Amino acid sequence: MKPTLTTKLNVKARGRSSFVSKIWIGVPITTWLFLLIIIPICIMLVTSFYTKEGSVVIKKISLANYLEFFINPIYLPIFFRTLILALLVSLTSILLGYPLAYLVSRKVKCFRNQLYMLVIVPLWVSYLVRIVAWRTILGRVGVLNTILLSLKIIDEPLSIFIYSPFAVYVALIYIALPYVFISIFNSLEKIPKNLLDAAADLGANSFHTFIHVILPLSMPGVISGFTLAFVIALGDYIIPQQLGGLNGMMFGNLIVTQFGYAYNWPLGAALGFIMFTVAVVILLVSQKFGSSEGFLE
Amino acid sequence: MNNQETEIQLIQITKKFGNFTAVQNVNLEIHHGEFFSLLGPSGCGKTTTLRMIAGLEEPTEGQICLAGEDVTYKPAYLRNVNTVFQDYALFPHMTVEENIYFPLKMKKVKYSSARAMIEEALSLVNMTGFGKRYPQQLSGGQRQRIALARSLVNRPRALLLDEPLGALDFKLRIAMQKVLKDIQKNVDITFIYVTHDQTEAITMSDRICVMKDGVIHQIGTPDEIYNSPESTFVASFIGDMNFLEGQVVQKGENSVTIDVDGKPIISTRFEGTFSKGDSVVACIRPEKICLDKMCDSEFQNKFENHFQASIHRIVFRGTDYEITLKFGQSEIRLIESASEFNNKKIGDQLFIGFQKDDVITYLKECKKVCDYETNLDN
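Bear in mind the structure is a predicted one, so any value in this text is a computation, not a measurement. (Residues numbered from 1 in each chain as written. Chains lettered and ligands numbered in written order. Predicted model: local features only at pLDDT ≥ 70, side-chain atom pairs only at ≥ 80, totals over all residues. Heavy atoms only, no water.)

1. So, the environment of K178 of chain B
Residue and element names in this part refer to chain B. Its place among the elements puts K178 in helix α5 (residues 170–187). Using a relative accessible area of 55% as the deciding quantity, one classes K178 as exposed. Taking the C-alpha atoms as reference, K178 lies 8.3 Å from M204; in sequence the two are 26 residues apart. (Helix = DSSP H or I, 4+ residues; strand = E, 2+ residues; numbered from the N terminus. Buried < 20%, exposed > 50% of the residue type's maximum accessible area, 1.4 Å probe, protein only.)

In structure tokens form, the structure reads like this:
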């Protein structure tokens, strides 16, 4: 085909326009990021430096809210308890999710997809419904107590299951597990089968193959699963509210209280920003791990 | 091979995947220190055979012996054979050094005492100084050599190579063929080499086993395979071959005369027994055929088979020309060097001649024989 005038022009324009078009491609995502994420965060950050006196927000920069966090004995213990609980939840999710993902990915021959779907299906049900469902399981006349009673393990219904940190812990694991499962499963699926053949061929039994080949190569999935579970557990306030009782209160609840009940937005913003910083640090650290382990990308 | 000690023995091996039979009744005996090739088109069962020797597949029937010991149901990690995989299968999360250390670590060799062995393996494949790199930082040929070093470092009884050069470009492949052959001489380890490239098999092997559809067609030295193929499949798969179909018109004690499109062709070599009137295929290598303008007495004395044909096609191939001649419905190809070509043109009437000892005749009805046509594309 002979080059027509328009194709010639296109060729001419391409060199000049490449830079401009690259910028245009970035515009929608940048706008979206700014409008929905960066600007709100900045507003929150600025608000967190204001103070509230009576019912008036004083727009003067001060560190009073952050001081409050460190001085008021309510905040720090609950903050650390939340951190530890989130850590425990994500560790337990990994410990439960890894064997599950490993079984479905490597050991199960038939009904693999069905099993995968079974793990994923809870994600289709409303978050709130699933949490309320846990009340019927853990409650005084719940499924768990009924079973234990009928098995004559206990004489009267136990009330330690619900309205305790334990209930929050269990429910958070339940929420986080599918995400952990998916990310570990995907990283296991990505490992080429011939690497396992090679390991066996070079003298590694199945235990050594797992330790030296499968586990290191699935680490990116473990780390991203851990990050997801941690962030989910760290920020959740519905589960503590529904299942936690007084002792199960988490940092998220404190933030909600400031915004929703105390109408102290500046303090709520400061508390929120502290948690946001922790989440970002965790994300950055795990990204660092994740990228150096991402061999199969 | 002077050393006839049997290293690997396959007895009546059959492997089925569901209803599909990948390997059928394979019997093999591979000697110590031999460079043994399994050659065949894709899907012929050569890789499955290799994987059964490695222990990565379990045979459905039969027995595998390694140095006299029955290893049929021994898991791969306990067998003293190592495989070089087609796509190298280097561990991406380990450096070159760690990759080579892996088989030693599995044998509980301490890193301090393994260092010398790793260095030796690296120098064997000419990759000294690459120990700290990751596989992703190496080229295809370099990865290939590291895979080789990793498989050789603990000195297995046999090294199994599954089309190791398949992913490399032509020049690198030729270079690696030499490297492989040199290494094999140096380490005195039995090499079993799977390939679909007949040139590779012929140039490198001590013996070749030609397979098709899970069945062994012929086992022999490259010379035997090339010059005395036992079936038309082997004849077509190894090197270039003319197939002339015709009927037996005369059957003598040591020779047979075949009528191909009205031309009598005498052949002294044949596989199987046949009688007058049978449909047969006469095979002749293109390089065994001569072409002349004149059919003088010298030409007639030298070549028992000689007749006239016209040039149908000429293909220039760099160092030589491939000329296709036609007589009746039959075509015959031959090779002529550029210096002898002498401006021949399509349509020229010329005489072709070849000796009766160079013609091999096969029965056409024989099951083994009929598949040559479908395999010409290999």
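Next comes the rest of the write-up.
2. Remarks on the sheet that holds strand β12 (residues 256–260) of chain B
All names here are of chain B. The strand order β13-β12-β11-β15-β21-β14 describes an open sheet built from 6 strands, whose pairing is mixed. The open sheet has two edge strands with one neighbour each: β13 (263–267) and β14 (269–271). In this sheet, adjacent strand axes meet at a mean angle of 40 degrees when their direction is disregarded. Pairing geometry for strand β15 (residues 279–284) and strand β21 (residues 360–363), over 4 bridges, is antiparallel. When the bridges of β21 are listed, A282 appears paired with T361. (Pairing = 2+ DSSP bridges. Axes fitted to C-alpha atoms, helices over the stretch in contact; angles between N-to-C directions.)

3. Description of the interface of chain A and chain B
At the interface, 19 residues of chain A touch 25 residues of chain B. Interface area for chain A against chain B, summed over the two sides, is near 1,800 Å², with a carbon-plus-sulfur share of 67%. Here chain A is connected to chain B by 1 salt bridge. With a shortest N-O distance of 3.0 Å, D197 of chain A and R51 of chain B are connected by a salt bridge. Put simply, chain A and chain B have 5 residue pairs in polar contact (both at pLDDT 80 or more) between them. Elements that contribute at least two residues to the side of chain A that touches chain B include exactly α8 (193–201) and α9 (206–235) of chain A. Ranked by the residues each element gives to the side of chain A that touches chain B, the list is headed by α8 of chain A, at 8 residues. (Contact = heavy atoms within 4.5 Å. Buried area = accessible area lost by both parts, 1.4 Å probe. Salt bridge = Lys/Arg side-chain N within 4 Å of Asp/Glu carboxyl O. Polar contact = N/O pair within 3.5 Å; in protein donor to acceptor, adjacent residues only side chain to side chain.)

4. Examining the domain arrangement of chain B
Residue and element names in this part refer to chain B. According to the domain assignment, chain B consists of domain 1 (6–234) and domain 2 (235–373). On a C-alpha basis, the centres of domain 1 and domain 2 stand 38 Å from each other. Listed by partner, the interface residues are 20 residues for domain 1 and 20 residues for domain 2. Across the domain 1 to domain 2 interface the summed buried area is about 1,600 Å²; carbon plus sulfur atoms make up 56%. (Domains from an automatic or database assignment.)

5. Digging into the sheet that holds strand β16 (residues 290–292) of chain B
All names here are of chain B. Spatial strand order, β16-β20-β17-β18-β19: 5 strands in an open sheet with antiparallel pairing. Pairing within the sheet leaves two strands with one partner each, and these edge strands are β16 and β19 (330–337). For this sheet, the mean angle separating the axes of adjacent strands, direction not counted, is 45 degrees. Sheet analysis places β16 next to strand β20 (residues 349–354), joined by 3 bridges and oriented antiparallel. The residue bridging D292 from the neighbouring strand is F351, located in β20.

6. Considerations on the domain arrangement of chain A
All names here are of chain A. Looking at the assigned domains, one finds that chain A contains domain 1 (1–47) and domain 2 (68–293). Distance from the C-alpha centre of domain 1 to the C-alpha centre of domain 2: 38 Å. Every contact between the two is made by 4 residues of domain 1 and, on the other side, 6 residues of domain 2. Together, the buried faces of domain 1 and domain 2 total about 470 Å²; carbon and sulfur atoms form 90% of this surface. For domain 1, the biggest contributors to the area lost against domain 2 are I41, M44 and T47; these three give 82% of the whole. On inspection of domain 1 and its partner domain 2, the count reaches 0 salt bridges. The interface formed by domain 1 and domain 2 holds 0 residue pairs in polar contact (both at pLDDT 80 or more) in total. The residue inventory of the side of domain 1 that touches domain 2, partitioned by class, reads 3 nonpolar, 1 polar and no charged. (Nonpolar A, V, L, I, M, F, W, Y, C, P; charged D, E, K, R; others polar.)

7. Quick notes on the state of the cysteines
Residues and elements named next belong to chain B. Summed over the entire model, instances satisfying the criterion amount to 0 disulfides over all chains. Cysteine C290 is unpaired, with the sulfur of C295 as its nearest cysteine sulfur at 12 Å. The class of C290 is partly exposed, set by a relative accessible area of 31%. Exposure remark for C295: the relative accessible area of 22% places this residue in the partly exposed category. (Disulfide = S-S within 2.5 Å.)

8. As for the packing of aromatic side chains
Evaluated as defined, the whole model comprises 26 aromatic pairs over all chains. Between Y116 of chain A and F181 of chain A the ring centres are 5.7 Å apart and the planes differ by 45 degrees, which places this aromatic pair in the tilted class. With a gap of 65 residues between them, Y116 of chain A in helix α4 (residues 112–120) and F181 of chain A in helix α7 (residues 165–189) connect regions that are remote in the sequence. On the basis of an interplanar angle of 15 degrees and a centroid distance of 6.3 Å, the ring pair of F226 of chain A and F230 of chain A is categorised as stacked. Separated by 4 residues within a single helix, F226 of chain A and F230 of chain A lie in helix α9, roughly one turn from each other. For F226 of chain A, a relative accessible area of 22% translates into the label partly exposed. Among the aromatic residues, those joined into a cluster by ring pairs are F69, F70, F79, F80 and F251 of chain A. Its end group placed over the ring of F91 of chain B, R150 of chain B keeps NZ or CZ at 4.9 Å from the ring centre. (Phe/Tyr/Trp six-rings, centres within 6.5 Å; stacked < 30°, edge-to-face > 60°. Lys NZ or Arg CZ within 6 Å of the ring centre and 35° of its normal.)

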